[in-house]
Structure formats: structure tokens, C-alpha cells
Amino acid sequence: MSALLRRSETVIFLVLVAAIVVIGLIRPEAWELANLFSLLRANVITGIMALGVLTVMISGGFDVSFPYFAMAAMYITLLGMLATGYSGVVLPFIVATLIGLLLGVLNGFLVYYLRMIPLIATLGSGAMVRGFLLGAIGTANINIDRMPPALIKFASLHLVKLTEPDGTTIELSAMVLIYLALALVVHLVLNHTMIGRGVFAVGGDREAARRAGFDVRRITYFIYCLAGALAGFAGLLYVSMSWLANPRDLAGSELDVIAAVVLGGASIFGGRGSVLGTMLGVFMLVLVNNSLIILHVSTTWQRVAVGAIIIVATGVTAWRDRKRAAYRKQTA
Amino acid sequence: MQQSFDLRRFVNRDANLFQLFVVTALIFVLMTALNPDKFLRIYNFESMSFIAPELGLLSIAMMLSMLTGGIDLSLVGIANLSGILAGLFFHAMGGEHGPGLANLPLGWVAVGVAITIGTGLLAGAVNGLLITKLHITPMLATIGSAQIYVGLSLVLTGGPAVVGFPGWWDAIGNARVLGIALPLVLFLVLAGLVALVLTRTPLGIDLFLIGSGSKAARFAGIRMDRAVFASYVAGGVLASIAGILLSGRVNAAKADYGTTYVLEAILISVLGGTNPSGGKATVLGVAVALLGLMMLSSGFQLLRFSNFLVDFIWGAFLLIVIAINAIRSRTR
Amino acid sequence: MRRPPRFSNGSYRMPPPLIELRHVSKHFAGVKALDDVSLSIAPGEIHCLAGENGSGKSTIIKVISGVYQPDGGEILIDGASVHALTPISAIAHGVQVIFQDFSLFGNLTVAENLALSTELRERRNVVSWRHVRAVAEEAVSRLGVHLDLDADLDRLPTSGRQLVAIARALMSDARLLIMDEPTTALTSKEVEALFTLVRDIQSRGISIVFVSHKMREMLEISERITVLRNGRVVGGGPTREWNETSITRAMTGHDLSREPYRWTKPAGEVTPRLEIKDLGVPGLYSGANLTVYPGEIVGLSGLLGAGRTEFALTLFGMQPSYHGSIRIDGKEVRLASVQDAIAQGIVYVPEDRLGEGLFLNQTINRNLLASSYGDLARYGFIDFTQARARATAMIEGMQIVTPTGERPVIELSGGNQQRVVIGRWLMNDARILVLNGPTVGVDVGSKAGIHHKIHDLAVTHGIAVLMISDDVPELVGNCSRIVLMHRGRFTEDLSTSEVTEAMVADKLKALV
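Here the structure is a predicted model, which means the values were calculated and not measured. Here, residues in each chain are numbered from 1, in the same order as that chain's written sequence. Here every chain gets a letter starting at A, and every ligand a number starting at 1, in the order they are written. Per-residue local features of the predicted model are confined to residues with pLDDT of at least 70, and side-chain atom pairs are confined, for both listing and counting, to 80 or more; whole-chain, interface and lining totals are unaffected and use all residues.

Participant: When you look at the overall build of chain A in this model, what are you seeing that I'm missing?
Facilitator: Looking only at helices and strands, chain A features 14 helices and two strands. With the radius of gyration taken over C-alpha atoms, the globule rule is written as 2.2 Å times the number of residues to the power 0.38. What you see for chain A is a C-alpha radius of gyration of 21 Å, in line with the 20 Å of a compact globule of 332 residues. Taking the principal axes of the C-alpha coordinates as reference, chain A spans close to 65 × 50 × 35 Å. Every C-beta atom is placed from the backbone, and the number of other C-beta atoms within 10 Å of a residue's own sets its class: buried at 20 or more, exposed at 12 or fewer, partly exposed in between. The buried share among the 332 residues of chain A stands at 49%. Here, residue contact means that the backbone-derived C-beta atoms of the two residues sit within 7 Å. Taking the contacts inside chain A whose residues are at least 6 apart along the sequence as the reference set, 75% of them involve residues at least 24 apart. Secondary structure is summarised from DSSP: a helix means a run of H or I of at least four residues, a strand means a run of E of at least two, and numbering begins at the N terminus for each.

Here you go:
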């Protein structure tokens, strides 16, 4: 039981529950279904991208290029759809995912073959993609009237639809299901496949992983391609859900996503992390924004709040890690 | 130190630095070739000399944080916050616009400078405390503090820019001293100061040692907390001065100016030979890298490349240079 | 022991050696790492490979395990010549190497670590945790030990991790287990346990190659020895034909005199350099009393975790929340920080030389001067001329072998590196020298040199020395007294003029 309590996911979960309870007490509308549904929906895009960031972080690496890969995949796919008049759903998502995956290959190459520091490598590749996208392909928004209707319809699918007494409807987006499904897949891969264990091994001790017989090259390409693929998918899903394609929207979100993954208990040094933790971390981030709105606090305080939470959470983690290290020294 | 300048020793001592010189020279040649009429104009280099210094100061601040094995992602946030605080102060003193503001006496402007630098000191101190006293890893600490500084900027301004600074203030960003741009003079002086401290004072050498081996530094009796704290405070001050230059140059301050500056500062720092894991950095390298990249972007801008494509070029350039280093060290 | 096969006429023939190297040589960029090396390891034999750093020990391991291919000579396994051995084919032949760092994953559980090589070998794609558990339990029972399979590996102490490494190695039908300096981080008790285990493994017909420089252990555990020097085999044969002196002579090429350092308390009233009364840190140790006179060398030993390092670190100011009294030269002092300790002339040479003692990517000079830059500053700026002069003088004084102080410190041998660490502190008027494992990983030849240096410092400079060590000969040969710690308390204070090495070793083994 104490082992369960000591896990960081449990701590985060309890904090989240406490936060929701407290906020609900102050403003009961926080507990309304409409709000909860909206909260869940807000998790989807950040969450999907966070899954990729988590995988890379567990291996001891870093990826800050994913928002730009997302944008690129999204924009190219949309332009393709508009140019050809294509009107499906499945193929565009496959294309977007593939574009992200191919871009991820670049990252894998830089990190594995050229042995670049992942932070620097992905900074460079992200800058390249961003620059190329905005510079060569264009910065024009694609508004709702031009957005392929099939995509919008897809993203509007709902799981649950309720009608309020006053006639308004509230829906739980089906995209949440997609998010959960992807999370489950990543979880299964990380915990139940050899390549997933390989990610943990490489994050724990890269050299030992090589000696043990892990194919570090395959693992490296795998994680960056996965992160890229998830980013590509998320990019297209994002514009489908928001009915507007502005290539610059996701820019700058890399640090928020990384913060969410770290809040969820992943170690920035590699070797540790879980899908559940990441999902909780993302939820926490989304909750902050949502709570500020509910509490009628100006959204300009949002960043300050996020920053404060990051500092408190990492401070507590650092304090706990130091205690653990000291404890281990005593009993060595 | 009595040491005559020995070219061969210089080359051997830091092959990467020498390579950087060569590359920068090549860029110069290339850009001239591509823009025979426009690149070599004094006007071109002049405008560079007004724009580059703010990025240069940020890059040196970034270099300082990397020297001890950390990173400071809050530098631009500090710069903007400092500029905004000064701007608001000036507006309070001299009105929102008009001659009252433009002609604010030097005394008040000096107070504004003090406010700016004070902000940098304070923000840097906060970073330093988070890292040395709370033991939060620098990346996470500065992600968090960045959110807070940017957040405060947003809260103070509500979002839009603070437009209009006194004439004296704008002069800092636009005036000349003996024909040379004042920003450039400031940059050279501050860069020289940092170089002096790093190479000739115990504090500077301590920073190198801490970056080389933090455990060994502890056992060697080096006052680690003090040194690291000082380096982050120095970084904050440099960032705030960059804020002065930026707001002085464009006569405005905004919460989200220069969002690409953080990544660019990292790129320049690393390109200039700084090892992100710590223990290796030179001010000269950063300065040369800055020069090279500025010439690169200027040249491409003259070719009517979109600003965004410059991003692409920076990213590609960084990757190419590091790739060359990697390949060279393999074949050695 | 397996029975050798019979000839058709019913007689027995000696089975071929498990592994044999014949005239093997290997060079790297002109340096001969191995020169005409021939040795053989019989099935079920415990064989020790002895030699100093740079003698070729690790090259031989890498050749046997397929990491390096020899440039000349041949390798035979079971009497048949093997060409182009690779790590994978070596493993297939049953060769398993356990490196000093164990190559384990601290962030994975014990069970997963145990099962990993099996899983990889079976080329599974999907992980069945039930299978992992089954493999892990099998591994543990094969070894005959008990381990908490669900614990994260990095919660285990070094001895536990070593067991995991051995268990994992045995999972793959190992026939030869090569262990590289296996006893470095183990206490005497744990070494005994390891030896029992090794003999058990031997009884199953598995050969074990011990690579070591610890002579007592070599002599105790191995049946045959091969001694290397400068890439050549300079001696070999049954262990009973060797003793410490002959091994040392073979490893270093010359005899080493071992005059024990004996200090006598001068007549009359002498103020102790260091006087500790009732020192303690809650949870780590308590009730420590110790007196050390100028010029005296006092040894401190005990099991790992007994509190020795924490006690030493208290003296170095790294345990500011201690209670008790510390007097230096009669004056009561408070050591709340490393700077306090240094100001009082207390210096500490850590056990982890590479991680805690040296700045690996810096020059020798920088390492020597690391603690002195503050003193060398005039008006805030460092006087580099004086700095360099001091460093050069220290290189000479400590007899550090290097053409110039501007070389990277990482190029130096272990012994010279240790001299750099000690030398750094001597720049600052040390009065008390605390050494933690001063000759760990240092060649036998250099060991004696460092001991001489320490004697010299004690005698000529009157420095009081506290030496923490697990090396019984080192303790007995250098210290006038040996203090034993156990579970945070000082338990014995032995005078070396009254005990023998064997007695001390027995007392250490008796600690539970």
C-alpha cells in the first residue's frame, strides 16, 4: 500500500482530485457536465503530443520540434486536400501521420547517426521545419469556409449528447476516445513490447543497453518517429477540432507539453515515466486554464499560474528525490 | 599573462573555434557573392550593428547558464518584463504619449534604467534561488519562471504593447558613439567584461570547474551555490539590458516580443562552442557565431527571402555545423 | 566436476582447455597491447588474471569475449580453432563477461534485469510479464540466492547488484564467467559470500576468470594464475606456487620494500592535532571518539555503511548538523561547511577519484589549482604566473609523471591522478589529511609510492592523517592504530604494533 502511495502518479492524482473538489466548492459550475466535457476535450491535442514527448523523454532524449512537425503535417495535408478536392477522413489522417513520421526520421538520424544532443538537434530541425513551412508554403490561414467538411464532421462526432432544459446541447467529444485509445496503445507498447522495454533500457543506461543486445539504432528511430507521427496526427486533429488552420497556433507549446510530461512524473534525465502519469500531468495543465476561467480570473494570469505550479511541482519532486537519495545513502 | 599571439597554438587549442572563424569568413564571402551590390554596403552592416547586440547579450547570458551545465529559458521573458516595467513607469511619469513622455528628463530615464536592471537582478536571483536552494533542475526551473515572467508581463499590459518611450531611452537603442552604434558598443563592453571575469577571476574559473564536474567541485571546496547563483543573476542583468536595447530600438515593449530569441540564443551559444553539458564556453566563440548568423540572415533577407525562411536557414546551418564537427571527430 | 571422456581403450584423457590463446597479439595504432600471449583455461577452473593497469588484462577480456579481434595468433575453444569471434558468437560459445559497472539497468526491476538477456536472445517482440517472472525466479534459484524481484534495481546495494549480474550471466548456459575486478566495492563479508558462490558455480563445471589486482583475494580463490606485464605473460601456473612477493615482483618487475610506517608518540605534553569527543550525526553514527597527533597515521575500517565515510565527511564540513566536539590543536572548532573545514586545514581525498576528486576534462594544472584560485587573486584577478609556478612546483613535489602540467588530467595513470588530488590540497597548508580509499584502483607499484608520500607528509610536515581503507595490508603497513566502526559506532581501537594482518582481517570478517 505504501508503495502505491509513494508512486508519483498517485500523488498527482490526489492533488488533481483535491483541486477539482476545491474549485467546485468555490464555483459549483465547475462540476457541471458541460464544463467537465469541455475539460476532457481540451486534453486531447496536448495529450496526444505529450505521449510522443513522454516516449522520447523516457529514452533520455528530448524533442522540441513536435509542434512544428504537427503544423507542417497539418498544413501540407490540408493544402493537398484543398488542391485535389479530396473529401475523406481516413486518408488525410494517414498522410498527416506519415508526414510527421518522416520528419521524425530526420530527428532520429541527427540523434543516432550524428550523435547530436537531442535538445539541440530537435531545436534545429524544428526551426528548419517552421521556417520552411512559414517561409516557403505560406502563412495564410485556412478558414472554416474552406476547411474540408468531412474533417470537421469527423471531429464533431460525439459520444454522449444531452439536451439541457433550456434547449442547448452538451456533448462529450468522441475525440476523447481517440486520445484514450492512442494512450492505451502507447502504454502497451512501452510496457509490453521488447522495443518499449528497450526505450526504458536506453534511458537507464545506453551503453549497457547496447551491450545487452538491444538495437539502439532501431529504438532511437522508433521513438522520434513515434513522436513525429503522433504530432502529425495531433496537428490535423487540432485543426479539425478548431475549424481553423492557423499554422502558428501550436508554436511555443513545446515547453507547456514538456512541463505536463514532467508534472506527470517522468524523469527529465530518462529511464522513468508512465502514460498514466503523463495523462494526469496534461489534465493538470488543462485544469489550470479551465479553473481560471471558471473562477473568473483574467486569463492573463494563466501563465503565471502554470509557472507557479511547475515550480511548486518540480520543487517538491526535487525535495523528495533528495530525501530518497539521502535515505538510500544511509541504508547502503 | 605574457603570451605572444601564436597562430598555430590558437588553431590547435580550439579547432572548433578556428573552424567557426573559417565558416563565418565563408559566409561573408558567400553573401557578398550572392548580393554583390547590396551586402557590402555600410548601411547593411550598420543596421546589423543595431539589431544584433540584443540577441548577442541574450546569447552570452545563455552561454553563462550553459557553462554550469544548466540552461536559462526565461531570458526573453526577463527582457520583455524589464522593458514593460520601465515603459509603464515612464508612462506614469510622463503620460501615455506626447511631448511629456518624449522629453522626459535624463534623471527619470536613469531611474527607468535602474528599474530595468533591477528587474533583471531580481529575476536572475529568483532563477538562482530555484536552482541552488530548491535544487530544481535548471531547465524546469526556468521553464516555470519563464511562464511567471511572461505571465506578469501579460497581466501588467493586458496583452498589447506598451508603446512610447522617452527620447533618451530610444537613443540607447538608436544613437551612435563616435560613429559606432551605441548598442554595439554596449555589447562589446559587456562581452569583454564577461570574458574578463570568466578567464581571469576565481569566480569565472569556478564556473568552468562546476560545469566540468559538480561533484568534484563540491569536494574541492568551491562555493558552488554562490557561483551558480551569481551566474544566473548576471544572466538576468544581461537579459534586462537586452530588453533596454530592444525597447529602445522599437520604441515599444510587449510580452511576446522576440519569442524566437530564446531558441536563437541557444543556437548561437552552441554554435559558438558552448557545451550544453557544461565546462566549455568562450565569449569570442559566441560573438563570432552571432556575426556569422547575422550575416547569414541579412544576406538572405537581401535576397528577398521571407523572414521565416531565415529560421529554416538558421536551423539548417546549426545542424550542418554540428554534423561536420561530429563527422570530423569520428574520423579522427 | 564433469568426468573427462574415455578413450575407446577405456583410459581417460584430459579434456582440452575450455579456452586457449596461442601467441595472440593485438596492437592499437602502433602500441602493442598484447604481445605473443599464450594462456589456457581449463573447464571448471578458477583462474586469475593478474596485472597492473595497462598490462593487457582488459584487452585479453575483450579478445576472449569477441569485442576485439586479435591481429596474430589463434583462439581455440574446446580444442577447436575459432576465427573471427564476435560478441554474439562468444556468448553462443558460453563466454559471459561481468564488467565492473555490471551493465545493469537501475531504472528497471530486478526481475526484468534478470530476464533481459534471455528475452533478447529469444527474440521476443511482445513481453509477457509472467514469462519474465518465471525466468527471473529460475535465475535466482539457479544461483541459490534470495532477491526481491520487484524492487527497482537501484535500490539494491552493490553486492546485490553483483548477484543480479552473475545470475543474469548464468542464465545463458555460460561455460566461462569473466569477472572484472569484482571485489572493488565489496566489504570483506561480501567478498567471502562471493567466493562461496564462485566455488559453487565452479562445481557445476563452469570456469571462472577473475581479473584482479588484489593479491590476498587472488591467492585465496584461484587455482591458477597468469601474470601479465606490458602486454606479455611473465608468469603463470598453479596458485600454490605463488605468494604475494612473487606476484608483485612479476607484475611490477621489481621488488617493493614494505617498511611499515611506525610513529611513536613523542615524550612530554603534545597537543593532539585532532581531538574528537562524542561526535555523531543522527541516523548515521554516534559516540565517535578519536585522537590523532601530528605525524600520526590512524586507520579507519569496517563494513560499508558502518558510517566511516559519513564520519570522514563530517570532518570535511559536509555534515553540518553534527553534535559533539571537534578540537584542532586544542581549539574547539565548528565545521559547518566545506569552506570551514578547509580554513581549519582539514582536507579530504574522496574514494571516487574520477567522479569526486578530479575534473576530468581539465588540465593537470587546473586540477591542482582548483582550490587555490581564491588565494591567487590580487584585486580580484588571478595571478597566473604565480599560479603556474605553484602548480609546477607541486608536480615536482608529488612526483607526478607528466611532460607538462597542461596535459589533460585524464591521460594520467590512476596513481598519478591520485597524486594530483592529494597535491591539490597540499597547496593550502593542510594540517589534517583525510584519505578515503587512497590506493583503490592504483597499481601495486604506484601504491607504494603513494604510501611513501603519505609517510613523508606526516613526518616532514607533521600532518595528522586519517586513512579509511578496506585494504588490510595497507592499514597495517601504514597506520599506528586502526579504529573499527560498526553500525555507526566505534567498536575497536587496535594498535598495529600488537596485531597482525591476519588478526585484523579476521576481526573485519567477524563484523556482521
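Participant: Explanation requested: the interface of chain B and chain A in the structure shown.
Facilitator: Often, the extent of an interface is quoted as the loss of accessible area on bringing the components together. Residue-level contacts link 44 residues of chain B with 36 residues of chain A. Counting only elements with at least two residues in the side of chain B that touches chain A, the list comes to α7 (138–157), α13 (261–271) and α15 (307–331) of chain B. The residue makeup of the side of chain B that touches chain A, split by class, is 32 nonpolar, eleven polar and one charged. We call Asp, Glu, Lys and Arg charged. Ala, Val, Leu, Ile, Met, Phe, Trp, Tyr, Cys and Pro are nonpolar, and the rest, Gly among them, are polar.

Participant: Honestly, the interface of chain B and chain C in this entry has me stumped. Any pointers?
Facilitator: Contacts between the two partners involve 15 residues from chain B and, on the opposite side, 23 residues from chain C. Broken down by secondary-structure element, the contributors of at least two residues to the side of chain B that touches chain C are α10 (202–212) and α11 (214–219) of chain B. Per-element accounting of the side of chain B that touches chain C gives the leading share, four residues, to α10(B). The class makeup of the residues in the side of chain B that touches chain C is seven nonpolar, five polar and three charged.

Participant: Explain the nonpolar core here, please?
Facilitator: Nonpolar side chains in soluble globular proteins tend to be buried together. Formed by 368 residues in total, the largest nonpolar core has its most connected members in Met49(A), Val53(A), Ala70(A), Leu58(B) and Val434(C). If one sorts the elements of this core by residue count, helix α11 (residues 216–242) of chain A sits on top with 16 residues. The residues contacting Val434(C), other than those within four sequence positions of it, are Ala312(C), Leu315(C), Phe316(C), Ile346(C), Val347(C), Tyr348(C) and Leu466(C). Working definition: the nonpolar core is a set of buried Ala, Val, Leu, Ile, Met, Phe, Trp, Tyr and Cys residues, joined through C-beta atoms within 7 Å.

Participant: So what exactly am I meant to see when it comes to the sheet that holds strand β4 (residues 72–77) of chain C here?
Facilitator: Residue and element names in this part refer to chain C. Between any two strands, pairing holds if DSSP finds at least two bridges. Spatial strand order, β2-β1-β4-β5: four strands in an open sheet with antiparallel pairing. A strand with exactly one partner marks an edge of an open sheet, and here the two such strands are β2 (31–41) and β5 (80–82). Averaged over all adjacent pairs, the angle separating strand axes in this sheet is 30°, with direction ignored. In this sheet, β4 lies alongside strand β1 (residues 19–28) in antiparallel orientation, the contact comprising five bridges. Directly across from Leu21, in β4, lies its bridge partner Ile75. Angles here are taken between N-to-C directions and fall from 0 to 180 degrees, while the axes themselves are lines fitted to C-alpha atoms, restricted in helices to the stretch in contact.

Participant: What should I look at first to understand helix α3 (residues 110–121) of chain C in this one?
Facilitator: Note: α-helices contain 3.6 residues per turn, so residues at a spacing of three or four share the same orientation. When you tally the buried positions in α3(C), you get nine out of twelve residues, the bulk of the element. Residues of α3(C) that are buried include every one of Val110(C), Ala111(C), Glu112(C), Asn113(C), Leu114(C), Ala115(C), Leu116(C), Ser117(C) and Glu119(C), and no others. Contacts from the buried residues of α3(C) go to α9 (194–204) and α10 (206–212) of chain A together with α4 (129–143) and α5 (158–170) of chain C. A positive backbone phi angle near 55° is found at Arg123(C), which sits one or two residues after α3(C).

Participant: Quick question: what am I supposed to make of the sheet that holds strand β21 (residues 481–486) of chain C here?
Facilitator: Pairing between the strands of a sheet is mediated by backbone hydrogen bonds and can be parallel or antiparallel. All names here are of chain C. Ordered in space as β16-β19-β20-β13-β21-β22, the six strands form an open sheet in which the pairing is mixed. Two strands bound the open sheet, and with one partner strand each, they are β16 (346–349) and β22 (489–495). Averaged over all pairs of adjacent strands, the angle between their axes in this sheet comes to 20°, without regard to strand direction. Across five bridges, strand β19 (residues 432–436) lies against strand β20 (residues 464–468) in parallel orientation. Opposite Ile432, over in β20, you have Ala464 as the bridge partner.

Participant: Sorry if this is basic, but what is going on with the domain arrangement of chain C here?
Facilitator: Residues and elements named next belong to chain C. In terms of domain boundaries, chain C breaks down into domain 1 (16–94 + 175–250), domain 2 (105–172) and domain 3 (274–510). For every domain, the bounds stem from an assignment made automatically or drawn from a database. For domain 1 versus domain 2, the distance between C-alpha centres works out to 26 Å. Each partner contributes residues to the interface: domain 1 has seven residues there, and domain 2 has six residues.

Participant: I'm lost on the pairing of strand β12 (residues 285–292) of chain C in this one. Help?
Facilitator: On a regular strand, one side chain projects to one face of the sheet and the next to the other, so that they alternate. Residues and elements named next belong to chain C. Where strand β11 (residues 274–281) meets β12, five bridges bridge the pair, whose relative direction is antiparallel. By the bridge assignment, Val281 is partnered in β12 with Tyr285. Linking β11 to β12, which pair antiparallel, is a turn of three residues; within it Gly283 sits at a positive phi near 90°.

Participant: Quick question: what am I supposed to make of the confidence of the model for chain C here?
Facilitator: The predicted structure's coordinates, where accompanied by low pLDDT, should not be read in detail. Here chain C averages 85 in pLDDT, while 95% of its residues score no lower than 70. Here the complex is predicted with pTM 0.84, and the ipTM for its interfaces comes to 0.84. For every residue, the predictor states its confidence as a pLDDT score lying anywhere from 0 to 100.

Participant: Is there a simple way to explain helix α14 (residues 283–302) of chain B in this structure?
Facilitator: Residue and element names in this part refer to chain B. The span expected for a helix works out to 1.5 Å for each residue beyond the first. For α14, with 20 residues, the first-to-last C-alpha span of 28 Å sits near the 28 Å given by 1.5 Å per residue. Of all 20 residues in α14, 17 are buried, a share of seventy percent or more. Arg304, located one to two residues past α14, shows a positive phi value of around 65°.

Participant: I keep staring at the environment of Thr291(C) and nothing clicks. Help me out?
Facilitator: Residues and elements named next belong to chain C. Checked against the element boundaries, Thr291 lands in strand β12. For Thr291, a count of 16 C-beta atoms within 10 Å translates into the label partly exposed. Not counting residues within four places of it along the chain, the set of residues in contact with Thr291 comprises Pro272, Leu274 and Glu275.

Participant: Sorry, what's going on with the pairing of β11(C) here?
Facilitator: Two strands pair when backbone bridges link them, and β11(C) and strand β14 (residues 323–328) of chain C are joined in this way by five bridges, in the antiparallel orientation. Opposite Gly280(C), over in β14(C), you have His323(C) as the bridge partner.

Participant: I keep staring at the environment of Leu82(A) and nothing clicks. Help me out?
Facilitator: Mapped onto the fold, Leu82(A) is located in helix α4 (residues 66–84). Sequence separation between Leu82(A) and Pro148(A) is 66 residues; the distance between their C-alpha atoms is 7.3 Å.

Participant: Help me understand the environment of Ala165(C), please; the structure alone is not making it clear to me.
Facilitator: Assignment of secondary structure puts Ala165(C) in helix α5. Along the backbone, Ala165(C) and Val110(C) are 55 residues apart, and their C-alpha atoms lie at a distance of 9.9 Å.

Participant: Looking at this model, I keep getting lost on the packing of helix α3 (residues 42–67) of chain B against helix α12 (residues 224–250) of chain B. Mind explaining?
Facilitator: In helix packing, the relevant descriptors are the interaxial angle and the interaxial distance, both defined with respect to the helix axes. Residues and elements named next belong to chain B. In contact at an axis separation of 9 Å, α3 and α12 are set at 165° when each is read in the N-to-C sense. Here α12 runs roughly antiparallel to α3, going by the angle between their axes. As α3 packs across α12, the resulting crossing turns out to be left-handed. Within the contact between the two elements, α3 uses Phe50, Pro53, Glu54, Leu57, Leu58, Ile60, Ala61, Leu64, Ser65 and Leu67 and α12 uses Ser231, Tyr232, Ala234, Gly235, Leu238, Ala239, Ile241, Ala242, Leu245, Leu246 and Arg249. Within the contact of α3 with α12, the residues separate by chemical class into 16 nonpolar, three polar and two charged. In these notes the angle categories are as follows: under 35 degrees is roughly parallel, over 145 is roughly antiparallel, 65 to 115 is roughly perpendicular, and the rest is oblique. Note: crossing handedness is left-handed where the near helix turns anticlockwise from the far helix by less than a right angle, and right-handed where it turns clockwise.

Participant: Please explain unusual backbone geometry as it appears in this structure.
Facilitator: Only a minority of non-glycine residues have a phi that is not negative, and only a minority of peptide bonds are not trans. Residues and elements named next belong to chain C. For Ala84, which is not a glycine, the phi torsion comes out positive at approximately 50°. Tracing the sequence through the fold places Ala84 in the loop between β5 and α2 (87–92). Of note in this structure, Ser103 is not a glycine but carries a positive phi near 50°. Here Ser103 shows up in the loop between β6 (95–98) and α3.

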